[in-house]
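Notes for the structure review
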2 protein chains.
Amino acid sequence: MSDNIFENVKHGSLSTQIFELLRDRILNGDYEDGQKLNELALAKELKISRTPIREALKQLELQELVESIPNKGVYVKGFSARDIDDMFEMRISLEGLAIELAIDRMDDEHLNKIKDVYDLMEFYSMKLDYEKLRELNIMFHEVIYEATQSPYFMQILKDIHYYVSMTSRHAIRQKDRVETSLSEHKVILDKIIAADKEGAREVIESHIRKTQQFVRDYFLAHPK
Amino acid sequence: MSDNIFENVKHGSLSTQIFELLRDRILNGDYEDGQKLNELALAKELKISRTPIREALKQLELQELVESIPNKGVYVKGFSARDIDDMFEMRISLEGLAIELAIDRMDDEHLNKIKDVYDLMEFYSMKLDYEKLRELNIMFHEVIYEATQSPYFMQILKDIHYYVSMTSRHAIRQKDRVETSLSEHKVILDKIIAADKEGAREVIESHIRKTQQFVRDYFLAHPK
DNA sequence: AAAGCTATAATTGTATACAATAATACAATG
DNA sequence: CATTGTATTATTGTATACAATTATAGCTTT
């Protein structure tokens, strides 16, 4: 079976791969806040030329992950706990809207996909496989984004969700959160299946708020 | 006086200029939907090399303005009226949140800036200078975005606002809309000055909804 | 004449070379 | 000793060269 749900490995061009690599490094906190990213050093480290590096850096700049000072260089922009909290607020606003649009516009393919993802969530929740669950959580919400069929909406929500997912990954690794999160996704799925827009908005907003609170508590207990 | 409010001409690197040029061309409808953007052709037209072109195209790809097919080329992605309408919905969701954050976090500099912008709006409304008003409208809302002091929030709202502003610019060019728009901005400004968060959210959402309706009507009357 | 193969051209992807700007080190001057 | 100016080096910005992939045209075959 080659169309495994996790098999998302179609590497694009080099610059795209580099973009994703550097993005994940930044979100992971591998670089210091304000650290300069030297093009030649990166090129040598990754054993490629500067061209794809530069293209990737240009993209990171647009995502606000680095700051570029002309003729000087690009510098990584760090995250504050408030930045992450703000992103949760954006998600609450946007996903409530997204799920209503999604219910209006989704087709059977989307519906089957989100059901499959949920089934896997049940499985990996039992196994407490946090990394798989993080990936599945991203997939679950991305199906909703894609069902809106609005390219900008999709892209923006994907980015925001990916950011918060990566930056708060350690906050979520608790058994009881896994269980409540699973049941929350079940409720969301049921509302989608019932095509209950108002209900879906309510439960997805509440779900994100709970996650937000969890992350808040974590950052309060683990100040940097 | 060199710090003119419109004097925003600090051209960045070539690739940044090219990015902005191509973005505006696409938003303006200068290219056909699906048209291929040939790197060499663009380089020759703009009398530069392919390198800055490619860097700009990579950025456009991230903004969903073009689609890149590996080893084949990049193709412009057109807009539908629904896409634009969806962007208005996103603005309504996000700006309501943004203005509340902005009121909490804004300083005197932001406040003075938005007052100055409003004063100019009054002036150019009398003169019915649509292009200046479009620029001032962008500035007015961008002050709010900047006052949130949340980098992602700022960037996302700037992009969305710029998109809708550019793609619906012809829909707004009517004398009575200029007058009502001005008074709506006055109300928003007053709520900001009064630090009335709930009130501000209400009036800014209503303001965007009115603009949205105006654009809807226009696209209904002028189907492509 | 239609379908398929092959050679050629065109285009994208990557690497390197050159140009312009900024950072550094060090000497000269007060 | 501090400061300023200058030469050198390092780094970014842009252009060009080369490699890999895709599109095109013409020929062959049936």
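For clarity, every value in this text was computed on a predicted model and none was experimentally measured. (Residues numbered from 1 in each chain as written. Chains lettered and ligands numbered in written order. Predicted model: local features only at pLDDT ≥ 70, side-chain atom pairs only at ≥ 80, totals over all residues. Heavy atoms only, no water.)

Observations concerning the overall build of chain A
Tallying secondary structure elements over chain A gives 9 helices and 3 strands in all. On C-alpha atoms alone, chain A measures out to a radius of gyration of 19 Å, which is about the 17 Å that the 2.2 N^0.38 rule sets for 224 residues. By principal-axis analysis of the C-alpha atoms, chain A measures approximately 55 × 40 × 35 Å. Across the 224 residues in chain A, those meeting the buried criterion constitute 51%. Sequence-distant contacts in chain A: of pairs separated by 6 or more residues, those separated by 24 or more amount to 73%. Of the accessible surface of chain A, which amounts to about 11,100 Å², a share of 49% is contributed by carbon and sulfur atoms. A distance of 5 Å separates the average location of the 32 positive side-chain charges in chain A from that of its 41 negative side-chain charges. (Helix = DSSP H or I, 4+ residues; strand = E, 2+ residues; numbered from the N terminus. Rg over C-alpha atoms; globule rule 2.2 N^0.38 Å. Buried < 20%, exposed > 50% of the residue type's maximum accessible area, 1.4 Å probe, protein only. Contact = heavy atoms within 4.5 Å. Areas by Shrake-Rupley, 256 points an atom, 1.4 Å probe, with all protein chains shown as cover. Lys, Arg positive; Asp, Glu negative; His and termini not counted. Charge placed at Lys NZ, Arg CZ, Asp CG, Glu CD.)

A closer look at helix 1 (residues 14-28) of chain B
The end-to-end C-alpha distance of helix 1 of chain B is 21 Å, a good match for the 21 Å that 15 residues give at a rise of 1.5 Å each. All of the buried residues in helix 1 of chain B are S15(B), I18(B), F19(B), L22(B), R23(B), R25(B), I26(B) and L27(B). The inward-facing, buried residues of helix 1 of chain B abut helix 3 (50-62) of chain A together with helix 2 (39-46), helix 3 (50-62), strand 2 (66-69), strand 3 (73-76) and helix 7 (151-167) of chain B. (Expected span 1.5 Å × (residues − 1).)

A word on the protein's contact with DNA strand D
As a matter of local geometry, DNA strand D sits amid 19 residues, with R50(A), R54(A), S49(B), T51(B) and K72(B) nearest to it. In DNA strand D, the atoms that sit within 4 Å of the protein are 67% sugar and phosphate, with bases accounting for the remainder. Backbone polar atom of L14(B) to a phosphate oxygen of DNA strand D: 3.0 Å apart, as the coordinates give it. With 3 residues, the top contributor of residues to the surface near DNA strand D is helix 3 of chain B. In the surface near DNA strand D, the residues fall into 5 nonpolar, 7 polar and 7 charged. (Near = heavy atom within 4 Å. Polar contact = N/O pair within 3.5 Å; in protein donor to acceptor, adjacent residues only side chain to side chain. Nonpolar A, V, L, I, M, F, W, Y, C, P; charged D, E, K, R; others polar.)

Side note on the packing of aromatic side chains
With the rule as written, the count across this model stands at 10 aromatic pairs over all chains. Ring centres of Y218(A) and F219(A) lie 5.8 Å apart, and the angle between their planes is 80 degrees; on these two criteria the pair is classed as edge-to-face. Relative accessible area serves as the criterion here: at 22%, Y218(A) is assigned to the partly exposed category. Relative to Y124(B), the ring of F123(B) has its centre 5.0 Å away and its plane inclined at 75 degrees; by these criteria the two rings are edge-to-face. With a relative accessible area of 38%, F123(B) lands in the partly exposed category. By relative accessible area, Y124(B) is classed as buried at 13%. What links up through ring pairs into an aromatic cluster is the set F79(A), Y163(A) and Y152(B). We note R177(A) situated over the ring of F214(A); from NZ or CZ to the ring centre the distance is 5.7 Å. (Phe/Tyr/Trp six-rings, centres within 6.5 Å; stacked < 30°, edge-to-face > 60°. Lys NZ or Arg CZ within 6 Å of the ring centre and 35° of its normal.)

Section: the pattern of salt bridges
Residue and element names in this part refer to chain A. Following the criterion strictly, the structure yields 46 salt bridges over all chains and no others. The salt bridge involving R173 is made with E131; its shortest N-O contact spans 2.7 Å. Of this pair, R173 sits in the loop between helix 7 (151-167) and helix 8 (175-193) while E131 sits in helix 6 (residues 130-147); the two residues are 42 residues apart in sequence, bridging distant segments of the chain. Classification of R173 by relative accessible area gives partly exposed; the value is 31%. Residue classification places E131 among the partly exposed positions, given a relative accessible area of 27%. (Salt bridge = Lys/Arg side-chain N within 4 Å of Asp/Glu carboxyl O.)

Some points on the relation of the copies chain A and chain B
Superposing chain A onto chain B requires a rotation of 180 degrees together with a translation of 0.0 Å along the rotation axis, leaving an RMSD of 0.0 Å. On the angle and the small slide along the axis, the relation comes out as a two-fold axis. Here 100% of the interface residues in chain A have copies in chain B that are interface residues too; the copies meet face to matching face. (Least-squares fit on C-alpha atoms with pLDDT ≥ 70 in both.)

Digging into the nonpolar core
F140(A), I144(A), F140(B) and I144(B) are the most contacted members of the largest nonpolar core, which totals 134 residues. Beyond its immediate chain neighbours, meaning those up to four positions away, I144(A) contacts A98(A), I99(A), A102(A), I114(A), I192(A) and I204(A). (Core = buried A, V, L, I, M, F, W, Y, C linked by side-chain atoms within 4.5 Å.)

Some thoughts on the sheet that holds strand 1 (residues 36-37) of chain A
Residue and element names in this part refer to chain A. One open sheet holds the 3 strands; their spatial order is 1-3-2, and the pairing between them is antiparallel. Either end of the sheet is taken by a strand with one partner, and the two such strands are strand 1 and strand 2 (66-69). Where strand 1 meets strand 3 (residues 73-76), 2 bridges bridge the pair, whose relative direction is antiparallel. What sits directly across from K36, in strand 3, is Y75. (Pairing = 2+ DSSP bridges.)

Side note on the sheet that holds strand 2 of chain B
All names here are of chain B. Pairing is antiparallel in the open sheet, where 3 strands are placed in the order 1-3-2. The sheet terminates laterally at strand 1 (36-37) and strand 2, the two strands that pair on one side only. Contacting strand 1, strand 2 and strand 3, helix 3 crosses the sheet at an angle of about 110 degrees to strand 2. (Axes fitted to C-alpha atoms, helices over the stretch in contact; angles between N-to-C directions.)

Digging into the interface of chain A and chain B
Taken together, the contact pairs 35 residues of chain A with 35 residues of chain B. Here chain A and chain B share an interface that buries about 3,300 Å² over both sides, 60% of which is from carbon and sulfur atoms. Of all residues in chain A, the largest losses of buried area upon contact with chain B belong to K58(A), L62(A) and Y152(A), amounting jointly to 22% of the total for that side. For the pair chain A and chain B, the number of links is 4 salt bridges. Here chain A and chain B share 14 residue pairs in polar contact (both at pLDDT 80 or more) between them. Those elements that place two or more of their residues in the side of chain A that touches chain B are helix 1 (14-28), helix 3, helix 4 (81-105) and helix 7 of chain A. If one sorts the elements of the side of chain A that touches chain B by residue count, helix 4 of chain A sits on top with 11 residues. Each residue belonging to the side of chain A that touches chain B can be placed in one class, and the counts come to 14 nonpolar, 11 polar and 10 charged. (Buried area = accessible area lost by both parts, 1.4 Å probe.)

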